[in-house]
Amino acid sequence: MSATPATVDPHVPPPPVETHRVRSADGTWLHAEVFGPDGAPTVVLAHGWTCAVPFWAPVIHRLAADLRVVAYDQRGHGGSDRPTGAAGFSTAKLADDLEAVLGALLPAGERAVLAGHSMGGMTVMAAADRPQVIARTGGAVLISTGPSDLLAELRVVPDAVRPVRLRRLLHRLILESRLPLGPVNAVSRALLKYATMGPGTPADQVEACARVVHGCPTGTRYGWSQVLRTVELNAALGALAVPTAVVVGTHDRLTPPVHARRILAALPSPQGLLELPGVGHMAPVERPAEVAGEIRRIVNLVSAEQRSDVG
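As the structure is a prediction and not an experimental result, all values here were calculated from the model.

Chemist: I'm lost on the overall build of the protein chain in this one. Help?
Modeler: Within the protein chain, the regular secondary structure consists of 13 helices and eight strands. Considered along the principal axes of its C-alpha atoms, the protein chain spans approximately 60 × 45 × 40 Å. Taking all 311 residues of the protein chain together, 55% fall into the buried category. The long-range share in the protein chain, meaning contacts at least 24 apart out of those at least 6 apart in sequence, stands at 78%. Surface summary for the protein chain: the accessible area is close to 12,900 Å², and the carbon and sulfur share equals 58%.

Pasting the structure below:
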């Protein structure tokens, strides 16, 4: 159930069994896809900055045989509407969107396991104190993410650049660039690999991430950079009371392991920290078997708790 057949391209999602347009609180329409069998436990996947549903393809392949998987495009990404102004970019809007997806696509009375990568993890944190999200959430997996101080902890600029203020300035310039990424080529692939993936990442994984990231509109990339620069979700972690696991790569330059350890220490119901050696920021693509396994572990834990409650 957890392996991807050799004849299947792991970086292309399987055909969805359903596609949906979900309307968020402010009228923004979100694109969502559903994979796997009806009646199975539901996993909801929230992707990160500059990504889209296809980013999750290697994980979906490993879950959808026996789990119902809901994956949606964050606002501005993929097939979802783009915000028309700065007011459309905020962690509160991300929480609105997750709440809308859960309300529209989760069967009545069911609690899903939420898995968020990078900005998707921040989405889960931001929505943790909402009654309608609490009622529909059984567990969570936070992958390659951080709750605050992202600029201070970035590791993209080489360590040889030591002055703290200069490092922060350079990181801000990188994060907030308005320049188009342009076509995927050898140079752009090398830069993306250095910034977001582990040094041993195979070429097919780099290519898959490059296709997704370069497909993100420049305006969307910049708009969310303004949110990430000042994101502050430490207080929200205390509201994430469901069993929650944390995953991070040891070579993550964007959200280094220091964030994962802080998150774990603040969670009311921590279920362990999985550190993936040699892995960068794109853990769901770099190590999909381990990420899917951790999601499945939380699904099984939640299912066992629910059976115990019924008994």
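Chemist: Honestly, the sheet that holds strand 1 (residues 18–23) in this entry has me stumped. Any pointers?
Modeler: Strands pair in a sheet through their backbones, by hydrogen bonds, and they do so in one of two ways: parallel or antiparallel. Strand order in this open sheet of eight strands is 1-2-4-3-5-6-7-8, and the pairing throughout is mixed. The sheet terminates laterally at strand 1 and strand 8 (270–276), the two strands that pair on one side only. Averaged over neighbouring strand pairs, the angle between their axes works out to 20° when direction is ignored. Pairing geometry for strand 7 (residues 244–249) and strand 8, over five bridges, is parallel. Across the sheet, the residue bridging to V247 is L274, located in strand 8. Along the sheet, helix 2 (residues 91–105) contacts strand 1, strand 2 (29–35), strand 3 (42–46), strand 4 (68–72), strand 5 (112–117) and strand 6 (137–143); its crossing angle with strand 1, the most-contacted strand, is approximately 130°. Across the face of the sheet, helix 11 (residues 257–266) comes into contact with strand 6, strand 7 and strand 8 while running at roughly 170° to strand 8.

Chemist: Could you clarify how one ought to interpret the pairing of strand 1 in this entry?
Modeler: A regular strand places its side chains so that they alternate between the two faces of the sheet. Relative to strand 2, strand 1 is paired through six bridges, and the arrangement is antiparallel. Each residue of the ladder has a partner; that of R23, found in strand 2, is W29. Counting the residues in the hairpin turn of strand 1 and strand 2 gives five residues, including G27, whose phi is positive at 95°.

Chemist: Help me understand the packing of aromatic side chains, please; the structure alone is not making it clear to me.
Modeler: Given two aromatic rings, one states the distance between the centres and the angle between the planes to describe the pair. A complete count under the given rule lists two aromatic pairs for this structure. When the centroid spacing of 6.0 Å and the interplanar angle of 80° are considered together, the rings of F55 and W56 count as edge-to-face. Judged by relative accessible area, F55 falls into the buried class, the value being 2%. Given the relative accessible area of 0%, W56 is considered buried.

Chemist: Looking at this model, I keep getting lost on the side chain of H117. Mind explaining?
Modeler: Tracing the backbone through its elements, the reader meets H117 in strand 5. Judged by its relative accessible area of 1%, H117 is buried. Engagement of the side chain of H117 in a polar contact is seen with the backbone oxygen of H281, the distance being 2.8 Å. The contacts of H117, once residues within four sequence positions are left out, are A46, H47, G48, F55, W56, I143, S144, H281, M282, A283 and P284.

Chemist: Could you clarify how one ought to interpret helix 3 (residues 119–126) in this entry?
Modeler: Because the α-helix completes a turn every 3.6 residues, residues three or four places apart line up on one side. Most of helix 3 sits out of view: eight of its eight residues are buried. Where helix 3 is concerned, the buried positions are M119, G120, G121, M122, T123, V124, M125 and A126.

Chemist: When you look at the side chain of T137 in this model, what are you seeing that I'm missing?
Modeler: Summarising the element assignment, T137 is placed in strand 6. What makes T137 buried here is its relative accessible area of 4%. Engagement of the side chain of T137 in a polar contact is seen with the backbone oxygen of V133, the distance being 2.7 Å. Excluding anything up to four places from it in sequence, T137 contacts L102, R111, A112, L114 and V242.

Chemist: Help me out: how do you make sense of the environment of G36 in this one?
Modeler: By secondary structure assignment, the location of G36 is in the loop between strand 2 and strand 3. Each C-alpha atom of the pair G36 and R287 lies 21 Å from the other, and the pair is 251 residues apart in sequence.

Chemist: What is the right way to read the nonpolar core from this model?
Modeler: Buried together is how nonpolar side chains tend to be arranged in soluble globular proteins. Ranked by size, the top nonpolar core spans 51 residues in total, and within it V44 and L114 carry the most contacts. With seven residues, helix 2 is the single largest residue contributor to this core. With near-sequence residues (within four places) excluded, V44 lies in contact with V70, Y72, L98, L102, A112, V113, L114 and A115. Counting 38 residues, the second-largest nonpolar core is a separate cluster that includes C51, V212, L276 and V285.

About the criteria used
Every residue gets a number counted from 1 within its own chain, in the order that chain's sequence is written. Predicted model: local features are reported for residues with pLDDT of at least 70 only, side-chain atom pairs are reported and counted for 80 or more only, and whole-chain, interface and lining totals are derived from all residues. Side-chain numbers come from the whole structure's heavy atoms, not from hydrogens or water. Helix numbers and strand numbers start at the N terminus; a helix is a DSSP run of H or I with at least 4 residues, a strand a run of E with at least 2. Under the scheme applied here, a residue whose accessible area is under 20% of the maximum for its type counts as buried, over 50% as exposed, and between as partly exposed, the area being computed with a 1.4 Å probe on protein chains only. Working rule for contacts: check all heavy atoms of both residues, and any pair within 4.5 Å makes them a contact. Under the convention used here, a 1.4 Å probe and the Shrake-Rupley method define accessible areas, while residue burial counts only the protein chains that appear. Any two strands between which DSSP finds at least two bridges are classified as paired. Here, axes are lines fitted to C-alpha atoms. For helices the fit covers the stretch in contact, and angles between N-to-C directions go from 0 to 180 degrees. Aromatic pairing here means that ring centres of Phe, Tyr or Trp (its six-membered ring) are within 6.5 Å. Orientation follows from the plane angle: under 30 degrees is stacked, over 60 is edge-to-face, and everything else is tilted. Under the rule applied, a polar contact is a pair of N or O atoms within 3.5 Å (in protein, one hydrogen donor and one hydrogen acceptor; residues adjacent in sequence only if both atoms are side-chain atoms). Take the buried residues of types Ala, Val, Leu, Ile, Met, Phe, Trp, Tyr and Cys, join any two whose side-chain atoms come within 4.5 Å, and each joined set is a nonpolar core.

Function cannot be inferred from these measures alone, as they are strictly geometric.
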